[in-house]
Amino acid sequence: MRTAYSVETVRAAERELMARLPEGALMLRAAAGLAAVCAGLLARRRGRVYGSRVVLLVGPGDNGGDALYAGARLARRGAGVTAVPMDPERMHAGGLAALRAAGGRVAQAVPQRADLVVDGLLGIGGRGGLRPAGAALAERIPPGVPVVAVDLPSGVDADTGEVAGPAVTADVTVTFGAYKPGLLIDPGASRAGAVHLVDIGLELPEPEVEALQHADVAGLLPEPTASSDKYRRGVVGIVAGSAQYPGAAVLAVAGALRGGAGAVRYVGPAADSVLARYPETLIGPGRVQAWVIGPGLGEGRAGEVADVLAGDAAVLVDADGLRGLDPAVLRARTAPTLLTPHAGEAAALLGVSRESVEAGRLAAVRRLAERYGAAVLLKGSTTLVASGGVRAVRVNPTGTPWLATAGSGDVLSGLAGSLLAGGLSGADAGSVGAYLHGLAARRTGGPLLAHQVAEALPAAWRDTTHP
Ligand SMILES: NC(=O)C1=CN([C@@H]2O[C@H](COP(=O)(O)OP(=O)(O)OC[C@H]3O[C@@H](n4cnc5c(N)ncnc54)[C@H](OP(=O)(O)O)[C@@H]3O)[C@@H](O)[C@H]2O)[C@@H](O)CC1
Ligand SMILES: [K+]
């Protein structure tokens, strides 16, 4: 599991550790880790550190201090190091002295001949996008030169991944003590490049954000044993599709058939389309361990949603099923419930604007989970999964922008419902489903069709269980 911590938590852990260490020790640890990653990059790119040209973009705070101390280390190994300050009056004094003592220099303009640029403009003390002086330096980063961000790309909000204005795009980010949520959540995540974590000895409590890795997914996936039959492996029921949207039913069934359940049952008006494509499907009402209700349902089906929610099977509610949900009904349920809204549906469930959900996705998914007493999967460029009473929100590290295509949500709801039927909790079914769905989309690549994602799911499953 990859875990991430808010600025507040990181700062508290830093204070505790700093009280027990000589002054400046943490910054030296951070700078040593940063310099090692930079040296490795230079060695791979040029064969050696000696003689390479390193440019430091230096902000007014400790993030700039890290860059200056790391620059001093590289200068001692023979690199030509130039520091360019955002504000010449405000530079970390100790770092500047160390750089100068090691032979580094300070310039007012960004040199255009460089082998590496180190972005030490803003770290966890940054607020909002870069202001004009920082933005002007970032704009002058020579094209094609690798950029290493110190702690996080400057201009990215460490807690949320929001980018409110100009920001640096890094090839590598060297982060200290702990991942910050903004390194795992888009748009910040896609600005960070490959992230290296440098251990500076922080002792941390439970994380605020976590991301599954292959091994976690493999551990959660329901694998059949010699004694399992189709009923023990769970039956998932799909209530989806309408005369207007029969395709949603077919795609939800397509996802469900690849989610490990022993059987998939379909209830609704698109049975002919479903059977034509998937003769494996059971048709009509019957016993299930989990229901998926909502994809392509259209208007006027609230009674079916209420019936399903009144039962004692696990339930995944998606799309049209999410309209007008009553928090009291959901909170009274004892079996797992998973809601899978996109930003617009989440906004309607919270009674706020879509823009406010997009701007604060982490807060929105937490509020939904608390209000509805259910696990909630908020779809988007980084899919988030929260469940009421659990501190950590899961962010999905797989996926690709190509997934924003018609029907891909229907496949995900079938898949996650199938995992619910296999006995996973709402949060596990949602996060494992999103993980496999994202991997399958990456395997498919390029402009993709939703049914291709469903077809790639078995291969994605094998990627995690037999990497
Ligand atoms: N604490 C520790 O033990 C360790 C910390 N470490 C390192 O310290 C970093 C945190 O350092 P930090 O707290 O000094 O904040 P930092 O990110 O450098 O920036 C704050 C400065 O920027 C300014 N500023 C803010 N927003 C801005 C904007 N949009 N555009 C322009 N300017 C803006 C703001 O000024 P003001 O808003 O007051 O004008 C303030 O002066 C952390 O990320 C890690 O790298 C490591 O060494 C490990 C040990
Ligand atoms: K930075």
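Residues numbered from 1 in each chain as written. Chains lettered and ligands numbered in written order. Predicted model: local features only at pLDDT ≥ 70, side-chain atom pairs only at ≥ 80, totals over all residues.

## Points about the UniProt feature "transmembrane region" (unreviewed entry) in the protein chain
Cut-off, in case you're wondering: UniProt positions are given in the numbering used here, feature names are shortened, and annotations may be inferred rather than shown by experiment. Helix and strand labels come from DSSP, where a helix needs a run of H or I of at least four residues and a strand needs a run of E of at least two; each type is numbered from the N terminus.
Summarizing the sequence annotation, UniProt attributes the feature "transmembrane region" (unreviewed entry) to residues 26–43 in the numbering used throughout. Annotated as residues 26–43, this span is 100% helix and 0% strand, and its ends, taken at the C-alpha atoms, are 26 Å apart.

## Structural notes on the sheet that holds strand 8 (residues 194–198)
The following threshold applies: Two strands qualify as a pair provided DSSP detects at least 2 bridges between them. The contact rule is simple: place each C-beta atom from the backbone, and if two of them lie within 7 Å, those residues are in contact. Angles here are taken between N-to-C directions and fall from 0 to 180 degrees, while the axes themselves are lines fitted to C-alpha atoms, restricted in helices to the stretch in contact.
Read from one edge to the other, the open sheet built from seven strands follows the order 4-3-2-5-6-7-8, with strand pairing classed as parallel. Strand pairing shows two members of the sheet lacking a second neighbour, strand 4 (105–106) and strand 8, which therefore form its edges. Along the sheet face, helix 2 (residues 25–46) touches strand 2 (53–58), strand 5 (116–120), strand 6 (147–150), strand 7 (172–176) and strand 8 and points at about 160° away from the line of strand 7. Against the sheet, helix 3 (residues 62–76) touches strand 2, strand 3 (80–85), strand 5 and strand 6, its axis set at about 165° to strand 2.

## Details of helix 10 (residues 302–310)
The condition that has to hold: In this scheme the burial state of a residue depends on its C-beta neighbours within 10 Å: 20 or more other such atoms mean buried, 12 or fewer mean exposed, and anything in between means partly exposed; the C-beta positions come from the backbone. As used here, the arc belongs to the directions running from the helix axis to the C-beta atoms.
Among the residues of helix 10, those classed as buried are Val305, Val308 and Leu309. Each buried residue of helix 10 lies within a common arc of 95° when the element is viewed along its axis, so the set occupies one face. Among the exposed residues of helix 10, those pointing more than 90 degrees away from its buried face are Gly303, Asp307 and Ala310. Check the buried side of helix 10 and you find it contacts strand 10 (235–239), strand 13 (290–293), strand 14 (314–318) and helix 11 (327–332).

## What about the site of ligand 1?
Short version of the rule: Being near a molecule or strand means, for a residue, that its backbone-placed C-beta atom lies within 6 Å of it.
Close to ligand 1 lie 26 residues; Gly61, Asp62, Asn63, Gly123 and Gly125 are nearest. Looking at the shell around ligand 1, the elements that each hand over two or more residues are helix 1 (7–18), helix 2 and helix 3. Ranked by the residues each element gives to the shell around ligand 1, the list is headed by helix 3, at four residues.

## A few points about the nonpolar core
Put simply, the rule reads: A set of buried Ala, Val, Leu, Ile, Met, Phe, Trp, Tyr and Cys residues, joined through C-beta atoms within 7 Å, is what we mean by a nonpolar core. An automatic or database domain assignment provides the domain bounds reported here.
Grouped together as the largest cluster of nonpolar side chains are 154 residues, with contacts concentrated most on Cys38, Leu56, Val118, Ile238, Val253 and Val376. Residues lining this core come from more than one domain, with at least three contributed by each of domain 1 (2–209) and domain 2 (214–465). For leucine 56, the contacting residues outside a window of four places in its chain are Ala67, Leu68, Gly71, Val81, Thr82, Ala83, Val84, Val118 and Gly120.

## Regarding the environment of alanine 35
Inspection of the secondary structure assignment puts alanine 35 in helix 2. Residue classification places alanine 35 among the buried residues on the basis of 26 C-beta atoms within 10 Å. Sequence spacing of alanine 35 and valine 174 is 139 residues, and the spatial spacing of their C-alpha atoms is 9.6 Å. In contact with alanine 35, other than residues within four places in its own chain, are Ala70, Arg73 and Leu74.

## Observations concerning the environment of glycine 262
Take glycine 262: it is sitting in the loop between helix 8 (246–257) and strand 11 (263–267). On the basis of neighbour counts, which here come to 19 C-beta atoms within 10 Å, the residue glycine 262 falls in the partly exposed class. Remark: the alpha-carbon pair of glycine 262 and aspartate 312, spanning 50 residues in sequence, is separated by 19 Å. In this structure glycine 262 touches Asp229, Lys230, Tyr231, Arg232, Arg233, Gly234 and Val235, once residues within four positions along its chain are discounted.

## Quick look at the pairing of strand 3
Formally: Whether a crossover is right-handed comes down to one check: with the strands pointing away from the viewer, does the path from the first strand over the helix to the second run clockwise; if it does, it is right-handed.
Counting buried positions along strand 3 gives five out of six residues, so the element sits mostly inside the fold. Alignment of strand 2 against strand 3, held across six bridges, turns out to be parallel. Among the inter-strand pairings, leucine 56 is bridged to a residue of strand 3, identified as alanine 83. Relative to strand 4, strand 3 runs parallel, the two being bridged by two bridges. Counterpart to alanine 83 in the pairing with strand 4 is valine 106. The parallel pair strand 3 and strand 4, bridged by helix 4 (residues 93–101), forms a crossover whose chirality is right-handed.

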